[in-house]
Amino acid sequence: MPTSAQEHREVSRKITYQSELDPGFGEHIAKMAYGEKLFSCIQCGTCSGTCPVSHYMDFTPRRIIAMVREGFRTDVLNSLTIWLCASCYSCTVECPREIKITDVMYALKQEAIATGVYPKRFPVPVLAREFFSGVERNGRNSEGPLMVKFFLKTNPLSMLKNASMAFRLWTKGRLSLFEEKMRTPGVVSTLLRAAKQAGGNGK
Amino acid sequence: MLDPSASNGTPRIGFYICHCGTNIAGTVDVKAVAEYIGTLNGVVVSREYKYMCSDPGQELIQQDIKEQKLDRIVVASCSPLLHEHTFRTATEKAGLNPFFFQMVNIRENVSWVHTDPVAATEKAKDLARAAVRRVFLHKPLAPKKVPINPAVLVVGGGIAGIHAALTLANAGKHVYLVEREPTIGGHMAMFDKTFPTLDCAACILTPKMSAVKSHPNITLWTYSEVSALEGFVGNYKVQVKRKPRYIKEDLCVGCMECVTACIFKDARFPDEFNVGLSKRKPVYIPFPQATPQVVLFDPETCLQLKKGKCKQTCIEACDRECIDFTQTEEFKDIEVGTIILATGFKPFDPSKTPYYGYGTYPNVYTALEVERLVNASGPTGGEVVLRDGSHPKAVGIIHCVGSRDEKTNRWCSRVCCMYSLKLAHLLKEHTGAEVYNFYIDMRTPGKGYEEFYDKLLKEGVHFIRGRVAEVTDWAMDAKEEGKLIVRVEDTLIGTVRRVPLDMVVLSQGLEPRADAQDVRRLFNISCATEGFFLERHPKLAPVNTFTDGVFIAGACQGPRDIPDTVAQAGAAAAEALALIDAGHIELEPNTAFILEEDCSGCKSCVPLCPYKAISFLEDKKKAYINEALCKGCGTCVAACPSGSIVQNLFEDDQIFSEIDGLLSELAVSGGGRL
Amino acid sequence: MTYRYFPGCSLKSSGRSYEESLLAVFRALEVPVQELDDWNCCGATAYMSVDEVEAFALAARNLALAEQGGNGQAPQLMAPCSACYLVLLKTQKYLAQHSDLDQKVRAGLTAVNLRYDGRVQVRHPLDILVNDIGLDRIKKRVKAPLAGMKVACYYGCQIVRPFATFDTAYNPTTMDKLVAALGATPVAWPLKTRCCGGTLTGTIPEVGLRLNRILLGEAKRRGADTLITVCPLCQFNLECYQDAIQRELNANVSLPIVYLTQLMGQAFGLSDTELGLQRLFVPAARPAVQEGGKAAHA
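Not measured: the values here are computed from a predicted model. (Residues numbered from 1 in each chain as written. Chains lettered and ligands numbered in written order. Predicted model: local features only at pLDDT ≥ 70, side-chain atom pairs only at ≥ 80, totals over all residues.)

A. Seen up close, the overall build of chain B. Within chain B, the secondary structure is distributed over 17 helices and 34 strands. With the C-alpha coordinates of chain B rotated into their principal frame, the extents come out at 95 × 70 × 40 Å. Taking all 674 residues of chain B together, the buried fraction comes to 45%. Considering only contacts in chain B between residues 6 or more positions apart, those separated by 24 or more positions represent 71%. (Helix = DSSP H or I, 4+ residues; strand = E, 2+ residues; numbered from the N terminus. Buried ≥ 20, exposed ≤ 12 C-beta atoms within 10 Å, placed from the backbone. Contact = placed C-beta atoms within 7 Å.)

B. Structural context of the overall build of chain A. The helix and strand tally for chain A stands at 11 helices and 0 strands. For chain A, the sequential pattern of α-helices and β-strands runs α-α-α-α-α-α-α-α-α-α-α. Residues classed as buried in chain A amount to 46% of the 203 residues present. Here the contacts in chain A between residues at least 6 apart in sequence split such that 69% fall between residues at least 24 apart.

C. Quick look at the nonpolar core. Grouped together as the largest cluster of nonpolar side chains are 158 residues, with contacts concentrated most on Val 104 of chain A together with Ala 60, Leu 88, Val 151 and Leu 182 of chain C. No other element matches the 11 residues that helix α3 (residues 52-67) of chain C contributes to this core. What Leu 88 of chain C contacts, discounting residues up to four positions off in sequence, is Cys 42, Ala 59, Asn 62, Leu 63, Leu 77, Ala 79 and Val 122 of chain C. Listed in part, the 127 residues of the second largest apolar core include Phe 273, Val 364, Val 401 and Ile 562 of chain B. (Core = buried A, V, L, I, M, F, W, Y, C linked by C-beta atoms within 7 Å.)

D. Representation of the environment of Leu 251 of chain B in the model. Of note, Leu 251 of chain B is situated in the loop between β12 (235-242) and α8 (257-261). Not counting residues up to four positions away in its chain, the partners in contact with Leu 251 of chain B are Arg 320 and Cys 322 of chain B.

E. Broad picture of the interface of chain A and chain C. Counting residues at the interface gives 52 residues for chain A, matched by 50 residues for chain C. Of all elements in the fold, only α6 (90-94), α7 (101-115), α8 (123-138), α9 (143-154), α10 (158-171) and α11 (186-197) of chain A reach the threshold of two or more residues within the side of chain A that touches chain C. Tallied by class, residues from the side of chain A that touches chain C come to 30 nonpolar, 12 polar and 10 charged. (Nonpolar A, V, L, I, M, F, W, Y, C, P; charged D, E, K, R; others polar.)

F. Spatial organisation of the sheet that holds strand β11 (residues 224-232) of chain B. Residues and elements named next belong to chain B. Strand order in the open sheet made by the 3 strands is β11-β12-β17, with antiparallel pairing throughout. Looking at strand neighbours, the two that pair on one side only are β11 and β17 (330-336), the edges of this open sheet. Strand after strand, the sheet turns through a mean of 20° between neighbouring axes, direction not considered. As paired strands, β12 and β17 are joined by 7 bridges and run antiparallel to one another. Pairing of Arg 242 across the sheet is with Glu 330, part of β17. (Pairing = 2+ DSSP bridges. Axes fitted to C-alpha atoms, helices over the stretch in contact; angles between N-to-C directions.)

G. Structural detail: the packing of helix α6 (residues 125-133) of chain C against helix α8 (residues 174-181) of chain C. Residue and element names in this part refer to chain C. At a minimum axis separation of 10 Å, α6 and α8 run at an interaxial angle of 60°. Viewed along their axes, α6 and α8 adopt a mutual orientation that is oblique. The hand of the α6/α8 crossing is left-handed. Packed against α6, whose contacting residues are Leu 126, Leu 129 and Val 130, the element α8 presents Thr 174, Met 175, Lys 177 and Leu 178 at the interface. Of the residues in the contact of α6 with α8, the class split is 5 nonpolar, 1 polar and 1 charged. (Parallel < 35°, antiparallel > 145°, perpendicular 65-115°, else oblique. Left-handed = near helix turned anticlockwise from the far one by under 90°.)

H. Spotlight on the interface of chain A and chain B. Listed by partner, the interface residues are 16 residues for chain A and 15 residues for chain B. In terms of residue count, the dominant contributor to the side of chain A that touches chain B is helix α2 (residues 46-50) of chain A (4 residues). Taken together, the residues that form the side of chain A that touches chain B break down as 3 nonpolar, 9 polar and 4 charged.

I. Layout of the pairing of strand β5 (residues 150-154) of chain C. All names here are of chain C. Of all the 5 residues making up β5, 4 are buried; the element is thus mostly covered by neighbouring parts of the structure. Between β5 and its parallel partner strand β6 (residues 185-186), the chain crosses via α8, and the hand of that crossover is right-handed. Across 4 bridges, β5 lies against strand β7 (residues 226-229) in parallel orientation. What sits directly across from Tyr 154, in β7, is Thr 229. (Right-handed = clockwise from strand over helix to strand, strands pointing away.)

J. Geometry of the domain arrangement of chain B. When the domains of chain B are assigned, the result is domain 1 (4-141), domain 2 (152-242 + 334-345 + 516-584), domain 3 (257-328), domain 4 (349-511) and domain 5 (592-647). Its C-alpha centre places domain 1 of chain B at a distance of 33 Å from the equivalent point of domain 5 of chain B. (Domains from an automatic or database assignment.)

K. Representation of unusual backbone geometry within the structure. Residue and element names in this part refer to chain B. Note that the residue after Phe 195, namely Pro 196, is joined by a cis bond; omega there is -10°. By the element assignment, Pro 196 lies in the loop between β8 (193-194) and β9 (199-200). Residues Thr 291 and Pro 292 are joined by a peptide bond in cis, for which omega reads 0°. Relative to the helices and strands, Pro 292 resides in the loop between β15 (283-284) and β16 (296-297).

L. Focus on the domain arrangement of chain A. When the domains of chain A are assigned, the result is domain 1 (18-115) and domain 2 (123-195). On a C-alpha basis, the centres of domain 1 of chain A and domain 2 of chain A stand 28 Å from each other.

M. Structural detail: the sheet that holds strand β3 (residues 72-77) of chain B. Residues and elements named next belong to chain B. Here 4 strands make up an open sheet; going across it, the order is β2-β1-β3-β4 and the pairing parallel. Both outer strands of the open sheet, β2 (43-49) and β4 (101-105), are each paired with one neighbouring strand and no more. Direction aside, neighbouring strands of the sheet carry axes that sit 15° apart on average. Bridge count between strand β1 (residues 13-18) and β3: 5 bridges; the pairing is parallel. Looking at the pairing, Ile 17 lines up with Ala 76 of β3. This element, helix α1 (residues 30-38), spans β1 and β2 of the sheet and lies at about 175° to β2. Packing of helix α5 (residues 117-135) onto the sheet brings it into contact with β1, β2, β3 and β4, and relative to β3 it is tilted by some 160°.

N. Helix α11 (residues 232-240) of chain C, seen in detail. The buried fraction of α11 of chain C amounts to 8 of the 9 residues, a majority that puts the element mostly inside the structure. Every buried residue belonging to α11 of chain C is among Pro 232, Leu 233, Cys 234, Gln 235, Phe 236, Asn 237, Leu 238 and Cys 240 of chain C, and all of these are buried.

O. The arrangement of the confidence of the model for chain B in detail. All names here are of chain B. Overall, the prediction assigns chain B a mean pLDDT of 94, with 97% of residues at 70 or greater. Confidence drops under pLDDT 50 across residues 1-7; counting only partners more than four residues distant or on other chains, this segment forms 11 contacts. Confidence estimates for the predicted assembly give a pTM of 0.88 and an ipTM of 0.91. (pLDDT = per-residue confidence, 0-100.)

P. Up close: the packing of α11 of chain A against helix α5 (residues 99-111) of chain C. Viewed as axis vectors pointing N to C, α11 of chain A and α5 of chain C meet at an angle of 145°, and their least axial separation amounts to 7 Å. Pair α11 of chain A / α5 of chain C crosses with right-handed handedness. Contact with α11 of chain A, carried on its side by Thr 190, Leu 191, Leu 192, Ala 194 and Ala 195 of chain A, involves Lys 104, Val 105, Ala 107, Gly 108, Leu 109 and Ala 111 of chain C of α5 of chain C and no other residues of that element. Split by residue class, the contact of α11 of chain A with α5 of chain C holds 8 nonpolar, 2 polar and 1 charged.

Q. Highlighting helix α12 (residues 416-431) of chain B. All names here are of chain B. With 16 residues, α12 ought to run about 22 Å at 1.5 Å a step, and its terminal C-alpha atoms sit 21 Å apart, in line with that. Among the 16 residues that make up α12, 13 are buried, leaving the element largely enclosed by the rest of the structure. Immediately downstream of α12, the backbone of Gly 432 shows phi near 70°, a positive value. (Expected span 1.5 Å × (residues − 1).)

R. Highlighting the environment of Val 105 of chain C. Mapped onto the secondary structure, Val 105 of chain C falls in helix α5. Between the alpha carbons of Val 105 of chain C and Gly 197 of chain C there is a distance of 30 Å; along the sequence they are 92 residues apart. Residues within four places of Val 105 of chain C in sequence aside, it is in contact with Ala 195 of chain A together with Phe 56, Ala 57, Ala 60 and Leu 95 of chain C.

Encoded structure:
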């Protein structure tokens, strides 16, 4: 929050017109997340209160649910919130309406990636997508190579910062430099393709 | 009364179909139905009219009965629950036995549930035809009159029971007020002040309590419970178990010398009235204004009663010789005509929500504990001293504990917002601390309630709209050390906040009593899914139950505040008075009866009756149905292996003719319409 | 009864000492364990972030593998990594509850000649140790009771949320009871299940480091000599970023972070290398009384 009275401050305008909203967004996300209870949200704020990272989010989990219900598609999918969620499930367990908020967050992540609407250089979705393609290829995840790819795509300089930790891990035998593979890696891509194709394009 | 046997076998039927405005006529072609029914055998008159239940509508029936010498009436309109009584009365006024009337529901069962007018009309014709065939076989019946005993039993001596008892006693009726605890007063006696007026609860309650004690028409039995009940409306036989106080009640004057003299020099046992915040001795009076003003001995902690050996210093100290350790349970049998249940509620137990820290952190309190804490005759004399001896500078009040939560109770407990405001005011007044109310919604619907909220806002109490997930003691900086921390989203301001507190108050919700199911079985009423007693109709009959003669009042029916409780108690008293002053009650004659000659004495029916109306006569070896208890459910009729139980208004041939009436058209047309 | 064992990707690299100590402890307790043949990654949180059906299908393959063979008893699949445990358990529950999802996953499994019948029981080693093997058997195996050691038990999120199958979500106690059985003193602290941030330490350090600073700081404040955990990512976060926390947040949070099974192995008198203790960044804490001597039972 700006503190100095001498800082140059500009007046900003914030109003939302109905035409900007996507009225079916709430239903769509609710269906994806098996979350019809989404609509029972009383906006109590328990989720935000218990979420360990809610104070870093641009929109708290409670606000996200309200925005999903009302169709604020662009704002929600562009938010950092859905990527900050660490899936600790505290919100899901505490919610007095038993809304599966974590599943809603996953649905939003999936929707964001599927529609290409998300902060592209934000580290979290980058990691998710790298992990995803790595496992699809090899059947297993290799932490070392994954982290290298991740840093190259987000912030190559931070590789230097982490170099000493990587070295220590390697000396203690805790770092895999090569890609772990299954005996039959092709099995995973066959499996995934068949599951994806069954029943059309999912929900 | 017109005698149908005088019309040479074929009855003369009048058929009337109601438009009900457009409710029925909008979907069903009422003219066509009237025309069609007019062609049936036995139908002398067939009319359609806009509003049959209106005066002109009823007069139509009465005129036709007189002029056309009708002896059967069929009306096709709405649900019998609404107007069966209306039309039966109209029939009776015209001189015809009201049970020669049959009603057909073509609104709730046809026009309100079907959209295809052609099919709906055909269905209406079928149902009307069936009724016409059935009504051929109706018999004249007379409702049974049962006298009402004017005495009333009120179960529960809280504010609801007290008010109901006083109202009835002032009307000149005799009331037995039975209360399980050693004193009347209920939860209200434990409160400090009441919202929104901040009246002292004891000051407004105790005059009513002593009025109860001194009223000549009230028999007050405290420390007593109803142990057995049988009978039916107007004629209940009740057994009351009086638990032993080990004191001769009429001799004790409450001087409390025995308490001072007790072998336990210090009080050692949790004091129930102060919710465990202070201690009492085995012999005690619950609170200074307890009514009756009589001590009692706790058999679990009194050495004489538990172990049989004590110096009995209490007996030495009592100069009126009231103490009697040989007392046992006493059973009293009484007869009453009506019963009012006012058994109250149970406060939600916050050990079910361990994340709020109750029991883990000493300075987390329940609302009821705080009522005692701020009360001048409470464990700390009204000074807010915490369990660790400190005085709080920051107090948090958490709303909705055990309410509005799928994991505990789904409902809103209605009074917590108001009492949370009240406690905020009292705590601020007593301590000068910063007070924070953490709420989801502020529910202030009653008279003066919103104004009370405004008063609190003006007093500078902090209102943070955010439901608390956890009360914890992990501190993020030095200022938070040693405090109870609440991390919450302030949803209105739009930020996550951490609020360090010295004291946390949990606004616990209201639940049904733990033994609500046992009580409702004893009194033969129902509970709703949440466990509160079930009213007959949520809007139009909130104090009646489905059992005639048993009424409910107050928080046992659902969470409610004192004004509504008193109103309900008055309403229940009025309902009881209505029965008593009418002197008798008319029972619907759709009861079952046994054909004695056919009964084989197999007793299959006896355990089936949900209303315990069937008994077995040992001398005759036949079953017997008590008409007054029978509700006409038909279970025994269907179950009797020898077919020797018959039900008025639902005799086999009546039902079969109705079925024939439904199917006859199909048989003729070869089932083409199906 | 043999436990089918799903190590997960982490236990073969950053969490290697978890596998080493787990297998050593189970060997010491004479409980047979058999690794699933040619298992695949469970998907963790990353897969579910991209595609739901694929995520469930990926995890389901391991469930199907676990059901192969066997003697008619419900196969027990042990998943030591808490994230793997949750993913497998959630997959099982969601497949049972949602038939359209189940159909798609089955199509995938059929395509790779596998079938899944819902018989397998997904278990976490903490559950197996306390509820199947039992504290008595564990106590008997203790040769060097960890007298005087104050241990903060860190459960993390995924073994108690959202499915609290073997312990309560608020204030769980199974690990504490186990620690007491080893002769150590479990520390009472309120952050037993507060999230360590998962991958956030790597992706968004300003968030991840702070979450771990809170956990480490509170454990130290409550007097813990060591913190134990049952998840490789939690262990990695809590241990390997202590320097970064010191650097970026100017907080001294040095504390040994070991796996539950490493602590158990110490109490059983197993060697350091058997337990992978040499792989730790911060050396493991030792009890005040080192050698066994009197095998005092707690």
